[in-house]
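The chain contents come next:
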Amino acid sequence: MIVKTTVRFLYTCKQAFNKNTKLERNQIWIVGACLGAGLATYSTMMKSAEMASLSIDKSNFMAEPITDLATLKANPSDMKTKMELMIMKIQKDFCKALEAEEDQETKFVVDRWKREEGGGGITCVLQDGRIIEKAGVNISVVSGNLPAGAIQQMKSRGREFVGSGPLPFFAAGVSSVIHPRNPMAPTIHFNYRYFEVTDSSGKKHWWFGGGTDLTPYYLNEKDAEHFHSTLKAACDKHDKSYYPRFKKWCDDYFKITHRGESRGIGGIFFDDLDTPSEEKVFSFVKTCAESVIPSYVPILNAHKDDPYGYFEREWQLIRRGRYVEFNLIYDRGTKFGLYTPGARYESILMSLPLTAKWYYMHIPKEGSKEAEMMEVLKNPREWVAEGKSR
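Residues numbered from 1 in each chain as written. Predicted model: local features only at pLDDT ≥ 70, side-chain atom pairs only at ≥ 80, totals over all residues. Heavy atoms only, no water.

> Even after reading the chapter, I still don't get the overall build of the protein chain, so can you show me in this structure?
Assigned secondary structure in the protein chain consists of 13 helices and nine strands. Counting all 390 residues of the protein chain, 49% fall into the buried class. Across the protein chain, contacts joining residues at least 24 apart in sequence account for 71% of those joining residues at least 6 apart. Carbon and sulfur atoms make up 56% of the accessible area of the protein chain, which amounts to about 19,100 Å² in all. (Helix = DSSP H or I, 4+ residues; strand = E, 2+ residues; numbered from the N terminus. Buried < 20%, exposed > 50% of the residue type's maximum accessible area, 1.4 Å probe, protein only. Contact = heavy atoms within 4.5 Å. Areas by Shrake-Rupley, 256 points an atom, 1.4 Å probe, with all protein chains shown as cover.)

Structure follows, in structure tokens:
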């Protein structure tokens with residue numbers, strides 16, 4: 001904006017210069033030069049002030065940022081900086097919200113790791129709690145060169161890169177899966193990520209992806225409506241077309257194709273989002289990530305102490321087996337992680353539950369609560385009336 005204003009002003013000076021006497025021209029150039037220099041100085045001061053205003057409070061994070069603080073503070077406007085700081089705060093907020101639902105002594109284990117090829121991550125895991133059997137809340141900030149397998153996966157989704165060799169990339173994201181112990185409390189998964197790839201022509205390609213989805217073991221329509229309404233409200237703040245588009249995308253994506261059923265009751269999912277602008281998409285992703293706690297924690301709180309028995313637990317373990325099948329066979333994030341050189345497999349596979357079962361040819365009894373759940377998994381439903389959200 002400052003540059004455009006300066007150019008417009010100097011153009012006006014030039015027009016006036018052509019219409020006046022020599023003395024008047026000299027006066028116009030002096031005034032123009034002074035004001036132009038002033039505007040340029042103001043622009044520099046504003047940029048310096050912006051850099052100085054980036055205050056990083058490490059108490060908002062579970063561990064030190066992956067990128068060194070000096071680099072983050074020197075690049076406050078860089079999307080890589082914004083994304084890293086955002087996902088680190090989301091990680092801390094969600095971990096603390098989950099710890100508040102657990103017994104006082106149950107806390108997340110924090111594992112900060114570095115990657116030789118570039119970057120690293122922070123893996124937070126809570127397991128064998130009274131309320132939460134296993135929870136993982138990860139952030140990763142990695143860079144390096146994309147191998148051929150990862151490039152091919154991106155090209156298959158319509159990404160056009162100049163060149164076929166390894167390409168420099170940057171990726172930052174937060175990913176979480178929560179497996180409660182109680183079968184009446186659903187599993188949640190969310191992931192929000194940012195990618196940059198520079199092709200051989202020097203062009204930078206960027207995009208965002210992510211989503212939040214719920215996997216209940218027993219159907220509770222009130223919970224489903226609350227969950228989807230909260231996500232819809234987050235989407236509607238940015239674009240009212242987002243929720244119906246991304247809800248359908250989620251239903252289609254989380255299909256266990258060989259079983260002919262969905263993993264859960266969906267939510268929202270999107271990938272390769274690069275319009276209308278980098279800042280606007282980032283703002284949308286941030287809103288979605290911030291909606292995770294209000295969409296899920298009230299549901300966990302309501303059901304974490306519900307009564308259940310042997311058969312409910314067995315059904316939960318069977319459904320967890322389906323969760324494992326989807327993650328290992330179809331999940332795009334798992335595949336990308338396994339393709340990436342220097343992959344940290346413990347963090348990639350933290351989404352898997354501690355326990356799961358596979359019964360041969362298991363079919364729920366007709367008219368049972370389990371059969372009711374299966375009907376929804378085979379035929380996804382709309383949970384929020386058009387125009388209604390929280």
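> Quick question: what am I supposed to make of the packing of aromatic side chains here?
Within the structure shown, the criterion is met by 21 aromatic pairs. Relative to F208, the ring of W206 has its centre 6.0 Å away and its plane inclined at 75°; by these criteria the two rings are edge-to-face. Relative accessible area serves as the criterion here: at 17%, W206 is assigned to the buried category. Pairing Y310 with F311 gives two aromatic rings, centres 5.4 Å apart and planes at 80°, and the pair type is edge-to-face. Each member of the pair, Y310 as well as F311, is classed as exposed. Note that K80 overlies the ring of F170, its terminal NZ or CZ placed 5.9 Å from the centroid. A cation over an aromatic ring shows up here: R263 above the ring of Y323, its NZ or CZ 4.1 Å from the ring centre. (Phe/Tyr/Trp six-rings, centres within 6.5 Å; stacked < 30°, edge-to-face > 60°. Lys NZ or Arg CZ within 6 Å of the ring centre and 35° of its normal.)

> What is the right way to read empty space enclosed by the protein from this model?
If a probe as big as a water molecule is rolled over the atoms, it shows which places are left empty. Throughout the structure, instances matching the rule amount to three cavities of 30 Å³ or more. Taken as a whole, the largest cavity encloses approximately 850 Å³ of empty space. In this structure, the largest cavity is lined by 44 residues; those nearest its centre are S140, N191, G333, F336 and G337. Of all elements in the fold, only strand 3 (132-146), helix 5 (148-155), strand 4 (167-180), strand 5 (187-198), strand 9 (266-273), helix 11 (332-339) and helix 12 (345-348) reach the threshold of two or more residues within the lining of the largest cavity. Class assignment for the residues of the lining of the largest cavity results in 20 nonpolar, 16 polar and eight charged. (1 Å grid on protein atoms, 1.4 Å probe; cavity = no way out; pocket = protein on both sides within 12 Å on 5 of 7 lines; lining within 4 Å. Points joined across faces, edges and corners; volume = space filled by probe spheres on them. Nonpolar A, V, L, I, M, F, W, Y, C, P; charged D, E, K, R; others polar.)

> Is there a simple way to explain the packing of helix 6 (residues 221-236) against helix 7 (residues 242-253) in this structure?
Between two packed helices, the angle of one axis relative to the other and the distance separating the axes together describe the packing. Relative to each other, helix 6 and helix 7 sit at 130°, their axes nearing to 8 Å. With respect to each other, helix 6 and helix 7 are oriented oblique. Along its contact with helix 6, which presents H228, L231, K232 and C235, the element helix 7 presents Y242, Y243 and K247. Each residue belonging to the contact of helix 6 with helix 7 can be placed in one class, and the counts come to four nonpolar, one polar and two charged. (Axes fitted to C-alpha atoms, helices over the stretch in contact; angles between N-to-C directions. Parallel < 35°, antiparallel > 145°, perpendicular 65-115°, else oblique.)

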